[in-house]
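What the coordinates show
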Amino acid sequence: MAPIICKSALEAVSLIQDGETLWTHSMGATPRLLLNALAQHALSKKDLTLLQLHTECAESLSDEKLKGHLRHRCFFGGLPTRLLLQQGDADYVPIFLSEVPKLFRSGEQKIDTAIVQVSPPDKHGMCSLGISVEATLAACQVAGKIIAHINPQMPRTHGDGFIHFDKFAAVYEASSPLPQHPLAASDETSLAIGNNVAELVRNGDCLQMGIGAIPDAVLSCLNGHKDLGIHTELFSDGVLNLVESGVINNSKKKVHPGKLVTGFALGSQRLYDYVDDNPSVIFMDIEQVNDTSIIRKNPNVMAINSALQVDISGQICADSLGTRIYSGVGGQMDFIRGAGLSEGGRSVIALPSTAAGGKVSRIATVLSPGAGVVTTRAHVHYIVTEYGSANLRGRSLRERARALIDIAHPDFREQLCRETFDMWGLSV
């Protein structure tokens, strides 16, 4: 059955009824126009639940007037939902990113309506989920109905993210710019971390990394490398620079050799233009991208992630500040485990040595009460700060403590030594 062609975003979302569970397309493909309309429509509804990963430009749905009408259920927290999560006005679901599609496909999490942003249909009637496939493909496969914003500015990307126009219940077409994240300016700390991580990267490695100041700094330090590959949940302009210079050619990969594999992209218009109709970039279902059994098939996987806090035993907190939810579990463990099982694989947790303007050491004797352990001390490999790198694989607790204190900020090293003895009974 052909979809309803709507004259406004509000008309499109008016199909949503009381008590529905909704999924929204996330990251750079967040359907902002439809979500702004949903913020208006939801005021006349009750008990709506909005499932999501990180969303961009969706602050309208965080309005306190929506309390009792719409509640966020987040698999990953971002700027629009962080305060709601910390106040208890939204729900956080800790889960590996690779398992979110499984949750949908198994029926454990029902979805009444999926809200998406797609490219215009091609001559075959196929629309593309564009720069963000992640878990949205799975959501669309199980949803009772799909409401789509057709955006001529959405790139048509290759891979898994195709949906036929006739699968939509309602469509609204409008041209709208996609959110852009230009390369982060590298400060002295990020650049020092980037250099330390780059020293651990070997020619021919298959990289996974995120976006932000530290990943961008790492990528900027890899210009002297060669034959690098990419199999990652997301990528940004720093990767594009290395593709164009020939450093990244994906020639050593075993899974999709010669092609860049990702789940979503977030960056500049230049990046979006690059992925548009580019068969050398494959946007895949995140259940596949982040599947440990697939990641490990590539040799020399180098997983580069970040953290909020590390304790001296190597436990990694990456989703909360104590009990205050900050982000999410995401794909960190998917890739750290995949890298650990890959032949020649390694993983890195890279973070500044301090927080709060230098007042707090991110390397702590023990994690803050309530802090979420995303990566266990049995999985951790390299920890990197601006002061160097610590290899924790196969190391005892005492050896780990010594190595981590050596890369902590000098202002905190003496205190960490003292507390390590007092709390752990370890002389370092």
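As the structure is a prediction and not an experimental result, all values here were calculated from the model.

So, on to the UniProt feature "domain: Acetyl-CoA hydrolase/transferase N-terminal" (unreviewed entry) in the protein chain. Within this numbering scheme, the UniProt entry marks residues 10-171 as carrying the feature "domain: Acetyl-CoA hydrolase/transferase N-terminal" (unreviewed entry). The span residues 10-171 shows a helical share of 20% and a strand share of 23%, and its end C-alpha atoms are spaced 11 Å apart.

Before going further, it helps to examine the layout of surface pockets. The calculated volume of the second largest pocket comes to roughly 320 Å³. Together, 20 residues line the second largest pocket, and Asp-63, Glu-64, Lys-67, Leu-84 and Asp-89 are the ones closest to its centre. Counting only elements with at least two residues in the lining of the second largest pocket, the list comes to β3 (48-52), β4 (70-74) and α3 (82-87). When grouped by side-chain class, the residues that make up the lining of the second largest pocket number seven nonpolar, seven polar and six charged.

Attention shifts here to the pattern of salt bridges. Pairs can form between side chains of opposite charge once their charged atoms are near each other. Per the stated rule, a full pass over the model turns up 14 salt bridges. The salt bridge partner of Lys-67 is Asp-89, with a shortest N-O separation of 3.3 Å. Of this pair, Lys-67 sits in the loop between β3 and β4 while Asp-89 is found in the loop between α3 and β5 (91-92), placing the two residues 22 residues apart along the sequence. What makes Asp-89 partly exposed here is its relative accessible area of 24%. If you follow the salt bridges from partner to partner, you end up with Lys-102, Arg-105, Asp-285 and Glu-287 in one network.

All right, on to helix α7 (residues 213-220) then. With six of its eight residues buried, α7 lies for the most part within the structure. Of all the residues in α7, the buried ones are Ile-214, Pro-215, Asp-216, Ala-217, Val-218 and Leu-219.

The next point concerns the sheet that holds strand β28 (residues 382-385). With respect to topology, six strands assemble into an open sheet ordered β13-β12-β18-β23-β28-β29, the strand pairing being mixed. Of all strands in the sheet, those with a lone pairing partner are β13 (229-230) and β29 (388-391), marking the two edges. Of the strand pairs in this sheet, strand β23 (residues 346-350) and β28 are connected by three bridges, and their pairing is parallel. By the bridge assignment, Ile-349 is partnered in β28 with Ile-383. On top of the sheet, helix α6 (residues 188-198) reaches β18 (301-305), β23, β28 and β29; it is set at about 150° to β28, its chief contact.

Topologically, Thr-30 is positioned in the loop between β2 (21-24) and α2 (32-41). The spacing of Thr-30 and Asp-291 is 261 residues in sequence and 24 Å in space, taken between C-alpha atoms. Within polar-contact distance, the side chain of Thr-30 engages the backbone oxygen of Met-27 at 2.6 Å.

Below, the discussion takes up the packing of α6 against α7. Two elements in contact, α6 and α7, have axes whose closest approach is 8 Å; the angle formed by their N-to-C orientations is 55°. It follows that α6 is oblique to α7 by the angle criterion. The hand of the α6/α7 crossing is right-handed. Of the residues in α7, those touching α6 at Ser-190, Leu-191, Ile-193, Gly-194 and Val-197 are Ala-213, Ile-214, Ala-217, Val-218 and Ser-220.

This brings us to the domain arrangement of the protein chain. Taken domain by domain, the protein chain holds domain 1 (4-173) and domain 2 (188-424). Averaged C-alpha coordinates put domain 1 and domain 2 at centres separated by 29 Å. Listed per partner, the contact involves 32 residues of domain 1 and 30 residues of domain 2. Interface area for domain 1 against domain 2, summed over the two sides, is near 2,700 Å², with a carbon-plus-sulfur share of 59%. Taken as a group, Leu-97, Ile-131 and His-158 account for 22% of the area that domain 1 buries against domain 2, more than any other trio of residues on that side. Between domain 1 and domain 2 we count four salt bridges in total. On inspection of domain 1 and its partner domain 2, the count reaches 20 residue pairs in polar contact (both at pLDDT 80 or more). At the level of elements, α3, α4 (100-105) and β9 (158-159) are the ones that each hand at least two residues to the side of domain 1 that touches domain 2.

Now for empty space enclosed by the protein. Summed over the entire model, instances satisfying the criterion amount to one cavity of 30 Å³ or more. If you add up the space inside the largest cavity, you get close to 30 Å³. Split into classes, the residues belonging to the lining of the largest cavity amount to five nonpolar, six polar and no charged.

Moving on, we come to the packing of aromatic side chains. Within this structure, the stated rule accounts for four aromatic pairs. A ring pair is formed by Trp-23 and Phe-75, whose centres lie 6.3 Å apart and whose planes are at 40°; its orientation type is tilted. A residue pair is termed long-range when its members are at least 10 positions apart, and Trp-23 in strand β2 and Phe-75 in the loop between β4 and α3 qualify at 52 residues. Residue Phe-75 is classed as buried on the basis of its relative accessible area, which comes to 2%. Considering the side-chain rings of Phe-75 and Phe-104, the 6.1 Å spacing of their centres and the 65° angle between planes classify their relative orientation as edge-to-face. With Phe-75 in the loop between β4 and α3 and Phe-104 in helix α4, this pair connects stretches of sequence that are 29 residues apart. In this structure an aromatic cluster arises from ring pairing among Trp-23, Phe-75 and Phe-104. Taking NZ or CZ as reference, Arg-82 lies 3.8 Å from the ring centre of Tyr-326, over its face. The residue whose ring lies beneath Arg-413 is Tyr-387, and the NZ or CZ to ring-centre distance is 5.4 Å.

Cut-off values and rules
Residue positions are given per chain, counted from 1 along the sequence in the order it is written. In view of the model being predicted, local features appear only for residues whose pLDDT reaches at least 70, and side-chain atom pairs are presented and counted only at 80 or more, with totals across whole chains, interfaces and linings using the full set of residues. Remark: hydrogens and water are excluded; side-chain values derive from all non-hydrogen atoms of the structure. UniProt positions are given in the numbering used here, feature names are shortened, and annotations may be inferred rather than shown by experiment. Elements are defined by DSSP. Helices are runs of H or I of four residues or more, strands are runs of E of two residues or more, and each kind is numbered from the N terminus. Lining residues are defined by having an atom within 4 Å of a point belonging to a cavity or pocket. Those points lie on a 1 Å grid over the protein atoms alone, cavities being sets where a 1.4 Å probe fits but cannot get out and pockets being open sets with protein on both sides within 12 Å along at least five of seven lines. Grid points are joined across faces, edges and corners, and a volume is the space filled by probe spheres set on the points. Three classes are used: nonpolar for Ala, Val, Leu, Ile, Met, Phe, Trp, Tyr, Cys and Pro, charged for Asp, Glu, Lys and Arg, and polar for all others, with Gly counted as polar. Here, a salt bridge means any Lys or Arg side-chain nitrogen found within 4 Å of an Asp or Glu carboxyl oxygen. Buried, partly exposed and exposed residues are distinguished by accessible area as a fraction of the type maximum, computed with a 1.4 Å probe on protein chains only: under 20%, between the cut-offs, and over 50%, respectively. When DSSP locates at least two bridges between a pair of strands, those strands are taken to pair. Note on contacts: a residue pair qualifies if any of its non-hydrogen atoms lie within 4.5 Å across the two residues. Axes, fitted as lines to C-alpha atoms, cover a helix only where it is in contact. Angles between the N-to-C directions of the axes lie from 0 to 180 degrees. We call two N or O atoms a polar contact when they sit within 3.5 Å, provided that within protein one can donate a hydrogen and the other can accept it, with sequence-adjacent residues counted only if both atoms are side-chain atoms. Throughout, the term roughly parallel applies to angles under 35 degrees, roughly antiparallel to angles over 145, roughly perpendicular to angles from 65 to 115, and oblique to all others. In this scheme, a crossing is called left-handed if the near helix is turned counterclockwise away from the far one by less than a right angle; it is called right-handed if the turn is clockwise. These domain limits were set by an automatic method or by a database of domain assignments. As a working definition, buried area equals the accessible area (1.4 Å probe) given up by two parts on being put together, with both sides summed. Only centres within 6.5 Å qualify two rings of Phe, Tyr or Trp (six-membered ring in Trp) as a pair; their planes then separate them into stacked at under 30 degrees, edge-to-face at over 60, and tilted for everything else. Only when the NZ atom of a Lys or the CZ atom of an Arg is both within 6 Å of the ring centre and within 35 degrees of the ring normal do we say a charge sits over the ring.

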